[in-house]
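Chain and residue survey
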Amino acid sequence: MSNQINVEVVYGLPENQVLLALKVEQGCSILEAIYQSGIVQHFPEIEPEKASVGIFSRAAKLTQELRDGDRVEIYRPLIADPKELRKIRAERAKAEGRASKVTGGRPKAKSTDSENQKAR
């Protein structure tokens, strides 16, 4: 029985994605697999010690031990803070009348008295 496991290391840019399959020793960490894969030769901007990583879209630590079949994903840094972008979109919606200035929710349509009586 072999002490090696199969893993994949992936990284992608909008115009270029690379998936590298490799065999590593059982007990190998994510960081070790990144170095062994040679992905840094494809993407020199990757700093393995500082990289945000995950296994099958779940955040993981660089020290996490890999299991057979794991796919290590190296994530690019965020361009903008998602919370800040949401605030900007909400303010824009309020200014355009697509959201209530008080609650932030969708504004209720104004009904007329005749519509209210029809509903009864």
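Residues numbered from 1 in each chain as written. Predicted model: local features only at pLDDT ≥ 70, side-chain atom pairs only at ≥ 80, totals over all residues. Heavy atoms only, no water.

In this section: the overall build of the protein. Scanning the protein from N- to C-terminus turns up four helices and five strands. Within the protein, the proportion of its 120 residues that are buried is 28%. A sequence separation of at least 24 residues applies to 39% of the contacts in the protein between residues at least 6 apart. (Helix = DSSP H or I, 4+ residues; strand = E, 2+ residues; numbered from the N terminus. Buried < 20%, exposed > 50% of the residue type's maximum accessible area, 1.4 Å probe, protein only. Contact = heavy atoms within 4.5 Å.)

Now for the packing of aromatic side chains. Counting across every chain of the model gives one aromatic pair. Centroid distance tyrosine 11 to phenylalanine 43: 4.7 Å. Interplanar angle 65°. Geometry classified as edge-to-face. In this pair, tyrosine 11 is assigned in strand E1 (residues 4-13) and phenylalanine 43 in the loop between helix H2 (39-42) and strand E3 (52-55), connecting sequence segments 32 residues apart. With respect to class, tyrosine 11 is no different from phenylalanine 43; both count as buried. (Phe/Tyr/Trp six-rings, centres within 6.5 Å; stacked < 30°, edge-to-face > 60°.)

Right, let's get into helix H1 (residues 30-37). All of the buried residues along H1 are Ile30, Ala33, Ile34 and Ser37. An end-on view of H1 places all buried positions within 105° of arc, on one side of the element. Taken from the residues just after H1, glycine 38 is the one with a positive phi, measuring 80°. (Arc of directions from axis to C-beta.)

Quick look at the pairing of strand E5 (residues 71-75) now. Note: E1 against E5, three bridges, orientation parallel. Residue pairing in the sheet places glutamate 8 in a bridge with arginine 71 of E5. In this structure, E3 lies alongside E5, joined through four bridges in antiparallel fashion. If you follow isoleucine 55 over to E5, its bridge partner there is valine 72. (Pairing = 2+ DSSP bridges.)

The subject of this paragraph is the pattern of salt bridges. For the coordinates displayed, the defined rule picks out three salt bridges. Residue glutamate 73 is joined to arginine 71 by a salt bridge in which the shortest nitrogen-to-oxygen separation is 2.5 Å. Note that arginine 98 and glutamate 96 form a salt bridge whose closest N and O atoms lie 2.8 Å from each other. (Salt bridge = Lys/Arg side-chain N within 4 Å of Asp/Glu carboxyl O.)

On the basis of which strands lie adjacent, the open sheet formed by five strands has the order E2-E1-E5-E3-E4 and mixed pairing. Every other strand in the sheet has two partners, leaving strand E2 (16-25) and strand E4 (58-60) as the edge strands with one partner each. Averaged over all adjacent pairs, the angle separating strand axes in this sheet is 30°, with direction ignored. Here E3 runs beside E4; their pairing, made up of three bridges, is antiparallel. Its bridge partner lying in E4, valine 53 is registered against alanine 60. Across the sheet, H1 is in contact with E1, E2, E3, E4 and E5; its angle to E2 comes to roughly 110°. (Axes fitted to C-alpha atoms, helices over the stretch in contact; angles between N-to-C directions.)

Function cannot be inferred from these measures alone, as they are strictly geometric.
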